[in-house]
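Per-entry structural report
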Amino acid sequence: MRDDELQAMAARLTEVDGIVAVALGGSRARGLHRPDSDYDLGLYYRGRPDTAALRTLAGSGVEVSEPGGWGPWVDGGAWLTVGKDRVDWIYRDLDRVEAVWEDCREGRFETGFQPGHPLGFHSPAYVGEVALCQVLADPTGALTALRTAARDYPPPLRAAVIENARWEAPFLLAAARKGAKSADTAYVAGCLFRAAGLLTHALHAHAGTYLLNEKGALHAAATLPTTPPGVTSRAQSLFAHLGTTPQTLNAALDTAEELVAEVLGVVAV
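If you're wondering where the values come from, they're calculated on a predicted model, not measured in any experiment.

Turning our attention to the overall build of the chain. Along the backbone of the chain there are eleven helices and seven strands. The C-alpha atoms of the chain give a radius of gyration of 20 Å, which matches the 18 Å a tight globule of 269 residues would have. Structurally, the chain occupies a C-alpha span of about 60 × 40 × 30 Å along its principal axes. When the accessible surface of the chain is split by element, carbon and sulfur atoms take 55% of a total near 12600 Å². Computed over 24 positive and 32 negative side-chain charges, the separation of the two mean positions in the chain equals 4 Å.

Below, the structure is given as structure tokens:
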């Protein structure tokens, strides 16, 4: 899509009751996109958006969800095709995003269940999306103001995310040892996945960088200046060689404990 086409769509969307701002997010907002990457448009609303009007804009054959239709955090939207391009409308409740920002400023966050997010939805991702987005339409200026405020990663959030990884990652590995005794590969893999996710969150927090999604998080962590060399390849190899016996599972956990200790040493608050 051309820039003027995006701007025109954003302008039409903000004429819909309830939609107060539209932003370009995802890889295209950060300049990391491929030619075939989707256009992710955040539809920031207050109250309840007029979904009937959105369906009219989307056109026939496009399913536009009600708020909450996709889950509690990524709460709805629509998937469109415009010409040869895929365009995703993704709802965001601006009141909720602003409340999460206030929590982040005070070092509070939560991880909630959300389909498509096996690690769970990390609430500061709401803030990171705003901080890294390109605002396309914002008649009230509310989204632009939040984007300016959120550019600097809050030090209390940094401390809280790192401290959470400091206790939970070793706890998970200790729990996984019990699964290894009975050769429960699935349980051990689940514990390792969450532990690796906690480390990526801690590394990003230490660097003052928002992490928006667990997809690609290990590779993203490898680009941070303070991440120990080889963390991504070493973490990935854990899942490639778990095996199905207590011996192989415990060997993987030995390696994981070394990795956790190394990363937690780097991110010391």
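Our next topic: the pattern of salt bridges. Applying the stated criterion across every chain, the model contains 16 salt bridges. Across the pair Arg-86 and Asp-38 runs a salt bridge whose closest N-O atoms are separated by 2.6 Å. Highlighted residues: Arg-86 in strand 4 (residues 85-93) and Asp-38 in the loop between helix 2 (26-30) and strand 2 (39-45), separated in sequence by 48 residues. Residue Arg-86 is classed as partly exposed on the basis of its relative accessible area of 44%. Residues joined by salt bridges that share partners form a network here, namely Arg-2, Asp-4 and Glu-5.

Our next topic: the environment of Arg-55. Checked against the element boundaries, Arg-55 lands in helix 3 (residues 51-58). You can call Arg-55 partly exposed: its relative accessible area is 34%. Residues Arg-55 and Asn-213 lie 158 residues apart in sequence; the distance between their C-alpha atoms is 28 Å.

Next up on the list: empty space enclosed by the protein. Scanning the model with the defined rule gives four cavities of 30 Å³ or more in all. As a volume, the largest cavity reaches approximately 90 Å³. Along the wall of the largest cavity there are 13 residues; nearest its centre are Ala-195, Ala-196, Leu-199, Leu-238 and Leu-259. It is helix 8 (residues 185-206) that provides the largest number of residues to the lining of the largest cavity, a total of five residues.

Moving on: the environment of Trp-73. Its place among the elements puts Trp-73 in the loop between helix 3 and strand 3 (77-82). For Trp-73, a relative accessible area of 5% translates into the label buried. Placed 48 residues apart in sequence, Trp-73 and Phe-121 show a C-alpha to C-alpha distance of 7.0 Å.

Between its terminal C-alpha atoms helix 11 (residues 246-266) stretches 30 Å, which fits the 30 Å expected from 21 residues at 1.5 Å a residue. All of the buried residues along helix 11 are Leu-249, Ala-252, Leu-253, Ala-256, Leu-259, Val-260, Val-263 and Leu-264. Buried residues of helix 11, viewed axially, fall in a sector of 125°; they line one side. Seen from the buried face of helix 11, the exposed residues on the opposite side, beyond 90 degrees, are Gln-247, Glu-258 and Gly-265. The secondary structure elements touched by the buried residues of helix 11 are helix 7 (155-181), helix 8 and helix 10 (231-240).

Before going further, it helps to spend a moment on the sheet that holds strand 2. Strand order in the open sheet formed by five strands is 3-4-2-1-7, with mixed pairing between adjacent strands. What marks the edges here is a single partner per strand, and that holds for strand 3 and strand 7 (134-137). With strand direction ignored, the average angle separating the axes of adjacent strands in the sheet is 30°. Pairing between strand 3 and strand 4: six bridges, direction antiparallel. Bridge pairing in strand 4 places Ala-78 opposite Trp-89. The sheet contacts of helix 4 (residues 94-105) involve strand 1 (19-25), strand 2 and strand 4, and relative to strand 4 the element is tilted by about 65°. Its contacts with the sheet place helix 6 (residues 142-150) against strand 1, strand 2 and strand 7, and it is angled at close to 170° to strand 7.

Bringing the layout of surface pockets into the picture now. One number sums up the size of the largest pocket: a volume of about 1400 Å³. In this structure, the largest pocket is lined by 46 residues; those nearest its centre are Gly-26, Arg-30, Asp-40, Asn-213 and Lys-215. Looking at the lining of the largest pocket, its residues break down into 21 nonpolar, 14 polar and eleven charged. Counted as a void, the second largest pocket has a volume near 190 Å³. Leu-119, Phe-193, Ala-196, Gly-197, Thr-200, Glu-214, Gly-216, Ala-217, Leu-218, His-219, Gln-236 and Phe-239 together form the lining of the second largest pocket. Looking at the lining of the second largest pocket, the elements that each hand over two or more residues are helix 8, helix 9 (217-222) and helix 10. Looking at the lining of the second largest pocket, the element that brings in the most residues is helix 8, giving four residues.

Thresholds, definitions, all that
- Residues numbered from 1 in each chain as written.
- Predicted model: local features only at pLDDT ≥ 70, side-chain atom pairs only at ≥ 80, totals over all residues.
- Heavy atoms only, no water.
- Helix = DSSP H or I, 4+ residues; strand = E, 2+ residues; numbered from the N terminus.
- Rg over C-alpha atoms; globule rule 2.2 N^0.38 Å.
- Areas by Shrake-Rupley, 256 points an atom, 1.4 Å probe, with all protein chains shown as cover.
- Lys, Arg positive; Asp, Glu negative; His and termini not counted.
- Charge placed at Lys NZ, Arg CZ, Asp CG, Glu CD.
- Salt bridge = Lys/Arg side-chain N within 4 Å of Asp/Glu carboxyl O.
- Buried < 20%, exposed > 50% of the residue type's maximum accessible area, 1.4 Å probe, protein only.
- 1 Å grid on protein atoms, 1.4 Å probe; cavity = no way out; pocket = protein on both sides within 12 Å on 5 of 7 lines; lining within 4 Å.
- Points joined across faces, edges and corners; volume = space filled by probe spheres on them.
- Expected span 1.5 Å × (residues − 1).
- Arc of directions from axis to C-beta.
- Contact = heavy atoms within 4.5 Å.
- Pairing = 2+ DSSP bridges.
- Axes fitted to C-alpha atoms, helices over the stretch in contact; angles between N-to-C directions.
- Nonpolar A, V, L, I, M, F, W, Y, C, P; charged D, E, K, R; others polar.

Functional significance is not addressed by these values, which are geometric in nature.
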